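Notes for the structure review
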Amino acid sequence: MERLLFRNARPLYGWLFIVAWFAILGLMTWVFFRNGGIAQEPFRAVIIAFFWGLGGWLASGALARPIVSVRQGSDGRWIVIRRWLWTHDEERIDPDRLPPPTIDAESDGEGGMHYHCLLKTPEHGSVEFSEHLKLDKAALARDRMAFLIRNARTKMPRSS
């Protein structure tokens, strides 16, 4: 039986935003063409094209971020699953091969910071298992993951 250790579902919010964006934009485009389209309002056509382009740019960023789940299998090995809308991949890891997790700080462009808790895996590189707006919460998530790694190393069954 697998045990969930961490899940970063924050990218789901971006996915839902993009779905709402295109639903509203699709409705507005349909209304625009129903009421006469480009022949009646050429300036509105430019505005709608701009918002379709902006939506595409936003979608490329939002849909590129995976939902990350870190699970512990019944054999003691960890399973890191990265899931996108269209695919997923998973990596099975021996906890002995994991370095301590780190925190990466990034400016949000408005004077605040975003803190990303990263787990370096052999196959995927750095995987974001948690993200926070406050450093103390990010440090708590990092410390919890470090504890889970240490705990898994001591409890993992070893083959002789």
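This report concerns the structure included in the present document. Throughout this document, residue positions are counted from 1 along each chain, in the order its sequence is written. Local features in this predicted model are restricted to residues whose pLDDT is 70 or higher, and side-chain atom pairs enter the listing and the counts only when it is 80 or higher, whereas totals over whole chains, interfaces and linings include all residues. Only hydrogens and water are removed before side-chain values are computed, so all heavy atoms of the structure are retained for them.

1. What about the overall build of the protein chain?
Looking only at helices and strands, the protein chain has three helices and seven strands in total. The N-to-C order of helical and strand elements in the protein chain reads β-α-α-β-β-β-β-β-β-α. What you see for the protein chain is a C-alpha radius of gyration of 21 Å, clearly larger than the 15 Å of a compact globule of 160 residues, by over 25%. Taken along the three principal axes of its C-alpha coordinates, the protein chain extends 80 × 35 × 20 Å. Here the protein chain holds 160 residues, and 37% of them are scored as buried. In the protein chain, of all internal contacts separated by at least 6 residues, the share reaching a separation of at least 24 is 52%. With residues, only the protein chains shown are counted as cover, and all accessible areas are computed by Shrake-Rupley using a 1.4 Å probe. Summing over all exposed atoms, the protein chain offers an accessible surface of approximately 10200 Å²; the carbon and sulfur share of this is 60%. Positive residues here are Lys and Arg, negative ones are Asp and Glu, while His and the chain termini are left out of the count. The atoms used to mark charge sites are NZ of Lys, CZ of Arg, CG of Asp and CD of Glu. Distance from the positive charge centre (21 side chains) to the negative charge centre (17 side chains) of the protein chain: 5 Å. Helix numbering and strand numbering both begin at the N terminus, where a helix is a DSSP run of H or I of at least 4 residues and a strand a DSSP run of E of at least 2. Note on method: radius of gyration uses C-alpha positions; expected globular size equals 2.2 Å times residues raised to 0.38. Throughout, exposure labels follow a simple rule: accessible area from a 1.4 Å probe, protein chains only, divided by the maximum for the residue type, with under 20% read as buried, over 50% as exposed, and the rest as partly exposed. Here, residues are in contact when the closest pair of their heavy atoms is within 4.5 Å.

2. What to know about helix 2 (residues 42-62)
In this model, helix 2 (21 residues) spans 30 Å end to end at C-alpha, consistent with the 30 Å of a helix rising 1.5 Å per residue. Along helix 2, the residues classified as buried are Ala-45, Ile-48, Gly-55, Ala-59 and Ala-62. Burial along helix 2 is one-sided: seen end-on, the buried residues are contained in an arc of 115°. What points out from helix 2, more than 90 degrees from its buried face, is the exposed set Pro-42, Phe-43, Val-46 and Trp-57. Structurally, helix 2 contributes buried residues whose contacts are with helix 1 (11-34). Expected helix span is given by 1.5 Å per residue-to-residue step, counting one fewer step than there are residues. The arc in question is traced by the directions running from the helix axis to the C-beta atoms.

3. Describing the layout of surface pockets
Reported here for the largest pocket is a volume of approximately 190 Å³. Around the largest pocket, the lining residues are Arg-10, Pro-11, Tyr-13, Gly-14, Phe-17, Gly-61, Ala-62, Arg-65, His-114 and Glu-131. When residues of the lining of the largest pocket are traced back to their parent elements, those giving at least two are helix 1 and helix 2. Looking at the lining of the largest pocket, the element that brings in the most residues is helix 1, giving four residues. Residues belonging to the lining of the largest pocket are distributed by class as follows: four nonpolar, three polar and three charged. Buriedness for pockets is judged along seven lines, at least five of which must meet protein on both sides within 12 Å for an open set on the 1 Å grid over protein atoms alone, while cavities are sets there where a 1.4 Å probe fits but cannot get out, and lining residues have an atom within 4 Å of a point. Grid points are joined across faces, edges and corners, and a volume is the space filled by probe spheres set on the points. Considering only enclosed or pocket space, the second largest pocket measures out at about 160 Å³ in volume. Met-28, Val-31, Phe-32, Asn-35, Gly-37, Gln-40, Glu-41, Arg-44, Ile-47 and Ile-48 are the residues that line the second largest pocket. Residue assignment for the lining of the second largest pocket shows that the elements contributing at least two residues are helix 1 and helix 2. In the lining of the second largest pocket, the residues fall into five nonpolar, three polar and two charged. Asp, Glu, Lys and Arg are counted as charged, while Ala, Val, Leu, Ile, Met, Phe, Trp, Tyr, Cys and Pro are counted as nonpolar; the rest, among them Gly, fall into the polar class.

4. Some points on the sheet that holds strand 3 (residues 78-83)
Through backbone hydrogen bonds, the strands of a sheet pair up, either in parallel or in antiparallel fashion. Whether two strands pair depends on DSSP finding at least two bridges between them. With antiparallel pairing, four strands are arranged side by side in an open sheet as 1-2-3-4. Two strands close off the open sheet at either side, each with one partner strand: strand 1 (3-8) and strand 4 (88-93). When the angles between neighbouring strand axes are averaged without regard to direction, this sheet yields 15°. Bridging between strand 2 (residues 67-72) and strand 3 involves six bridges; their strand directions are antiparallel. Paired with Val-68 across the bridge in strand 3 is Arg-82. Every axis corresponds to a line fitted to the C-alpha atoms, with the helix fit spanning only the stretch in contact, and the corresponding angles, defined between N-to-C directions, vary from 0 to 180 degrees.

5. A word on the sheet that holds strand 5 (residues 102-107)
As summarised here, the arrangement of the three strands in space is 5-6-7, forming an open sheet in which the pairing is antiparallel. Every other strand in the sheet has two partners, leaving strand 5 and strand 7 (125-132) as the edge strands with one partner each. Averaged over all pairs of adjacent strands, the angle between their axes in this sheet comes to 35°, without regard to strand direction. When strand 5 meets strand 6 (residues 113-121), the two strands line up antiparallel, connected through six bridges. Across the sheet, Asp-104 pairs through a bridge with His-116, a residue of strand 6.

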